[in-house]
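# Residue-level structure breakdown
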Amino acid sequence: QVQLVESGGGLAQAGGSLRLSCAASGRTFTIFRMAWFRQAPGKERELVASISRSGDTTAYADSAKGRFTISRDNAKNVMLLQLNSLKPDATAVYYCEAQAVTGRPTTTVTGYDFWGQGTQVTVSP
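The structure contained in this document is the topic of the report that follows.

Rules behind the numbers
- Residues numbered from 1 in each chain as written.
- Predicted model: local features only at pLDDT ≥ 70, side-chain atom pairs only at ≥ 80, totals over all residues.
- Heavy atoms only, no water.
- Helix = DSSP H or I, 4+ residues; strand = E, 2+ residues; numbered from the N terminus.
- Contact = heavy atoms within 4.5 Å.
- Pairing = 2+ DSSP bridges.
- Axes fitted to C-alpha atoms, helices over the stretch in contact; angles between N-to-C directions.
- Buried < 20%, exposed > 50% of the residue type's maximum accessible area, 1.4 Å probe, protein only.
- Salt bridge = Lys/Arg side-chain N within 4 Å of Asp/Glu carboxyl O.

## So, the environment of Val5
Within the fold, Val5 resides in strand β1 (residues 2–7). Here the alpha-carbon distance between Val5 and Ser21, two residues 16 residues apart in the chain, equals 8.0 Å. With residues up to four places along the chain from it excluded, the contact list for Val5 reads Ser21, Cys22 and Ala23.

## Describing the sheet that holds strand β3 (residues 18–26)
With antiparallel pairing, the four strands of this open sheet are ordered in space as β1-β3-β8-β7. Strand pairing shows two members of the sheet lacking a second neighbour, β1 and β7 (68–73), which therefore form its edges. Neighbouring strand axes in the sheet, compared pairwise and without regard to direction, differ in orientation by 15 degrees on average.

## What about the pairing of strand β9 (residues 92–98)?
Burial within β9 is extensive, with six of its seven residues counted as buried. Pairing between strand β4 (residues 34–39) and β9: six bridges, direction antiparallel. The residue of β9 that forms the bridge with Ala35 is Glu97. Pairing between β9 and strand β11 (residues 119–124): three bridges, direction antiparallel. Note that in β11 the partner of Tyr94 across the bridge is Thr119. Sheet analysis places β9 next to strand β10 (residues 114–115), joined by two bridges and oriented antiparallel.

## As for the pattern of salt bridges
Summed over all chains, the structure comprises four salt bridges. The closest approach of N and O atoms between Glu46 and Arg38, which form a salt bridge, is 2.9 Å. Using a relative accessible area of 39% as the deciding quantity, one classes Glu46 as partly exposed. Two residues, Asp62 and Lys65, come together in a salt bridge whose shortest N-O distance is 3.1 Å.

On their own, these measurements won't tell you what the molecule is for.
Listed below in structure tokens is the structure:
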């Protein structure tokens, strides 16, 4: 019912920036909180940042605070993640996630109902 497509990943040097986009299509009116997760090789998928349906509430992983910014434009059905001050440990596949209902957990992948295929972010030293 909902399709999510990430884009904007690529190569960056340490200290550089990238801007990730998540385009939602289908029954987008069913989407509530959204989030960016990432998964590095050999590691579990982890939360980077999440944002409420209206965009007025955000939450960040400690590693993202002060460096990454999550936002959404519901009119365009787009969620963004601005990555600044990138470090090599940010290298991972970044996934867009969305909730279909309210009241679900927001910090784990089990709290989300839809996901994209991911976009690769690679940060060189």
